[in-house]
Amino acid sequence: MLGITALLVLLAFGIMVSASPERINAQLLNMAVAIGVMRVVAQVPPQRLMHLAVPIYLLGLLLLVGVALFGDISKGARRWLNLGFMRIQPSELMKIAMPLLLAWFFQQREAMPRLRDYAIAALLLLLPVGLIARQPDLGTAILVLAAGFYVIFFAGLSWKIIIGMAVAAIAAAPLAWNLLHDYQRHRILTLLDPEKDPLGKGFHIIQSTIAIGSGGIFGKGWKSGTQAQLEFIPERHTDFIFAVYSEEFGLFGNLILLVLYALLIGRGLMIAANAATLFSRLLAGAVTMIFFTYAFVNMGMVSGILPVVGVPLPLVSYGGTALVTLFIGIGILMSIHGNRMLVQK
């Protein structure tokens, strides 16, 4: 019950902060579609989800290859695939397909996963992540990577291996730097010193941190934030909505937001811990931690402690695509919880 309450309050916060007649109507429509999709997914038993894991992953991979070869270019990125009757962004599908596949993969090796199994899982994960990063879409690549990593971690990956991978990643940083696009390098440099270009690349971060700080303890009040109302904050209804919220509701409002996310994530982890099968536990745990990743990355980039990578604030940012993806995850959690109740009966 607390999880549902937290979900509804977060959605209400999103409507309040992005309040304008056209956005409210559009977001309500987005919510209606997302809830409808959630209800459909919630009716699919985990056993059926497990059977769909490989086909959905292969479809997503095929679509990503299609994007690389034939995708539409918009604002310097090739992320959309035109099917004639509609345009789709296949990278969104991989946010769900990736944990589905890896949960299925480790379910087949439930007895005792070996090091080779973890290596195969890593390859299955890095293939779509590489295709998405190449578009380039670093934000979505990070989310897909995180979703897959959570499954591998929950499957029993040793801390020694994790630490070794972290050390290897740090050692490979100079090589990775050369592989980044120019705009991605600029974002990292801007993170380190936004004042170097205060009216250019550093403008977004400087204005968002000013908004967060100016909110004080209790904020300036709903619709009374000067940074937001005077349009100093970029993408204030989507990626930077946390800065608007912080200016209007202050530190106290931020604490409420964190508690709501904690309740939602805690409920999801409880469902994962009590799931009937390894597949369900891994899938529920990864889906739940996706919410954490969304929130952590968004708040971090808006606060100036992470580079700007274009990740929305879960359930609060305006928009339909990410909302539908998150509600698919909620539908999966409902399916797993419902299946556990049936098993107990």
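Residues numbered from 1 in each chain as written. Predicted model: local features only at pLDDT ≥ 70, side-chain atom pairs only at ≥ 80, totals over all residues. Heavy atoms only, no water.

Undergrad: Help me understand the packing of helix H4 (residues 90–107) against helix H5 (residues 115–133) in this model?
TA: How two helices sit against one another is set out by the angle between their axes and by the gap between those axes. As a packed pair, H4 and H5 sit with axes 11 Å apart at the nearest point and diverge in direction by 175°. For the element pair H4 / H5, the angle class is roughly antiparallel. Between H4 and H5, the residues in contact are Ser91, Met94, Met98, Leu101, Leu102, Phe105 and Phe106 and Asp117, Tyr118, Ile120, Ala121, Leu124, Leu125, Pro128 and Ile132, respectively. Looking at the contact of H4 with H5 residue by residue, the classes come out as 13 nonpolar, one polar and one charged. (Axes fitted to C-alpha atoms, helices over the stretch in contact; angles between N-to-C directions. Helix = DSSP H or I, 4+ residues; strand = E, 2+ residues; numbered from the N terminus. Parallel < 35°, antiparallel > 145°, perpendicular 65-115°, else oblique. Contact = heavy atoms within 4.5 Å. Nonpolar A, V, L, I, M, F, W, Y, C, P; charged D, E, K, R; others polar.)

Undergrad: Please explain the packing of aromatic side chains as it appears in this structure.
TA: Note on aromatic pairs: each is described by the distance of the centres and the angle between the planes. Scanning the entire structure with this criterion turns up 10 aromatic pairs. Ring geometry for Phe13 against Tyr245: centres 5.5 Å apart, planes inclined by 50°, an arrangement best described as tilted. In this pair, Phe13 is assigned in helix H1 (residues 2–17) and Tyr245 in helix H12 (residues 241–273), connecting sequence segments 232 residues apart. Each member of the pair, Phe13 as well as Tyr245, carries the same accessibility label: buried. Arranged with centres 5.0 Å apart and planes meeting at 40°, the rings of Tyr245 and Phe249 form a pair that is tilted. Of this pair, Tyr245 and Phe249 both sit in helix H12, separated by four residues, roughly a single helical turn. The rings of Phe149, Tyr150, Phe153, Phe154 and Trp159 are connected pair by pair, giving a single aromatic cluster. Taking the ring centre of Phe105 as reference, the NZ or CZ of Arg109 above it sits at 3.8 Å. (Phe/Tyr/Trp six-rings, centres within 6.5 Å; stacked < 30°, edge-to-face > 60°. Buried < 20%, exposed > 50% of the residue type's maximum accessible area, 1.4 Å probe, protein only. Lys NZ or Arg CZ within 6 Å of the ring centre and 35° of its normal.)

Undergrad: Quick question: what am I supposed to make of H12 here?
TA: Residues that lie three or four places apart on an α-helix share one face, since the helix turns once every 3.6 residues. Over its 33 residues, H12 runs only 32 Å from end to end, short of the ideal 48 Å by more than 12%, given 1.5 Å per residue. Maximum bend of H12: about 115°, positioned at Gly250. (Expected span 1.5 Å × (residues − 1). Bend = angle between axes of the 7 residues up to and from the residue.)

Undergrad: What exactly am I supposed to notice about the pattern of salt bridges here?
TA: Side chains that carry opposite charge are capable of pairing whenever their charged atoms lie near each other. The full count for this structure, using the stated rule, is three salt bridges. Ionic pairing is found between Lys95 and Glu92, a salt bridge with its closest N-O pair at 2.8 Å. Placement of both Lys95 and Glu92 in helix H4 is noted, with a separation of three residues, approximately one turn of the helix. Residue Glu92 is classed as buried on the basis of its relative accessible area, which comes to 12%. (Salt bridge = Lys/Arg side-chain N within 4 Å of Asp/Glu carboxyl O.)

Undergrad: Sorry, what's going on with empty space enclosed by the protein here?
TA: Empty pockets left among the atoms are what a rolling probe the size of a water molecule brings to light. Scanning the entire structure with this criterion turns up one cavity of 30 Å³ or more. What lines the largest cavity is simply Lys95, Ile96, Val287, Ile290, Phe291, Tyr294, Thr325, Leu326 and Gly329. Ranked by the residues each element gives to the lining of the largest cavity, the list is headed by helix H13 (residues 278–303), at four residues. Here the residues of the lining of the largest cavity sort into six nonpolar, two polar and one charged. (1 Å grid on protein atoms, 1.4 Å probe; cavity = no way out; pocket = protein on both sides within 12 Å on 5 of 7 lines; lining within 4 Å. Points joined across faces, edges and corners; volume = space filled by probe spheres on them.)

Undergrad: Is there a simple way to think about the pairing of strand E2 (residues 77–82) in this case?
TA: Both faces of the sheet carry side chains from a regular strand, because those side chains alternate between them. Bridge count for strand E1 (residues 72–74) against E2 is three bridges, and the pairing is antiparallel. Of the residues in E2, the one forming a bridge with Asp72 is Trp80. Bridge count between E2 and strand E3 (residues 87–88): two bridges; the pairing is antiparallel. Looking at the pairing, Asn82 lines up with Arg87 of E3. (Pairing = 2+ DSSP bridges.)

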